[in-house]
Amino acid sequence: MRVLIVDDSPVSRELVRDILEPNGYEVFEAGNGIAAIEQIEQTRPHVVLLDIEMPGLGGYEVIRRLRQDPRFVALRVAAFTAHAMNNDREKALAAGFGAYITKPVRPAVLRTLVARLAPSTV
């Protein structure tokens, strides 16, 4: 299964890769929103972990564009963020994210989330 991690922090991307690759996931990376859209078009990931706060094109704009594109309207995208205030989760889900996970991420929580988001036929 292909997972795209989109985060402007190389450390966060490396952490996700280190957690998921040993479990058989093929992990792709993007460091910003523009690169995320390009990677999605090229690699057709099954799951995207998308940071909300990034310079330039942030996560909310990326999810808005994805949900407006018929090719990606059903793409499984989780908000992957340091935002942990009471209404942040609801805001992300209302914007079109299918799940919400906060940083710092616990490995077991990340693996469970990705497995839950994975399509049944991969």
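Reference entry: report on the structure contained in this document. Computed from a predicted model, the values in this text were never measured in an experiment.

For the peptide bond that leads from Lys103 to Pro104, omega is -5°, which places it in the cis range. With a phi close to 50°, Arg44 is a non-glycine residue in the positive phi region. Checked against the element boundaries, Arg44 lands in the loop between helix 2 (33-43) and strand 3 (47-50). According to the relative accessible area criterion, Arg44 is partly exposed, its value standing at 38%.

Within the fold, Asp88 resides in helix 4 (residues 88-95). Buried and unpaired, Asp88 has no salt bridge, with Lys91 as the nearest side chain of opposite charge at 6.0 Å.

According to the stated counting rule, one finds one aromatic pair in the structure shown. For the pair Tyr60 and Phe97, a centre-to-centre distance of 5.9 Å together with 85° between the ring planes defines the contact as edge-to-face. In this pair, Tyr60 is assigned in helix 3 (residues 59-68) and Phe97 in the loop between helix 4 and strand 5 (99-102), connecting sequence segments 37 residues apart. Residue Tyr60 is classed as partly exposed on the basis of its relative accessible area of 24%. Judged by relative accessible area, Phe97 falls into the buried class, the value being 3%.

A few words on the pattern of salt bridges. Taken as a whole and assessed by the stated rule, the structure comprises nine salt bridges. Residues Glu61 and Arg64 are paired through a salt bridge, measuring 2.4 Å at the closest nitrogen-oxygen approach. One end of the pair, Glu61, and the other, Arg64, are both in helix 3, three residues apart, so they sit about a helical turn from each other. Overall, Glu61 belongs to the partly exposed group, its relative accessible area being 23%. Arg65 serves as the salt-bridge partner of Glu61, at 2.9 Å between the closest nitrogen and oxygen. Placement of both Glu61 and Arg65 in helix 3 is noted, with a separation of four residues, approximately one turn of the helix. Look at the salt bridges and you will find they share partners, linking Arg13, Arg17, Glu21 and Glu29 into a network.

Conventions and cut-offs
Residues numbered from 1 in each chain as written. Predicted model: local features only at pLDDT ≥ 70, side-chain atom pairs only at ≥ 80, totals over all residues. Heavy atoms only, no water. Helix = DSSP H or I, 4+ residues; strand = E, 2+ residues; numbered from the N terminus. Buried < 20%, exposed > 50% of the residue type's maximum accessible area, 1.4 Å probe, protein only. Lys, Arg positive; Asp, Glu negative; His and termini not counted. Salt bridge = Lys/Arg side-chain N within 4 Å of Asp/Glu carboxyl O. Phe/Tyr/Trp six-rings, centres within 6.5 Å; stacked < 30°, edge-to-face > 60°.

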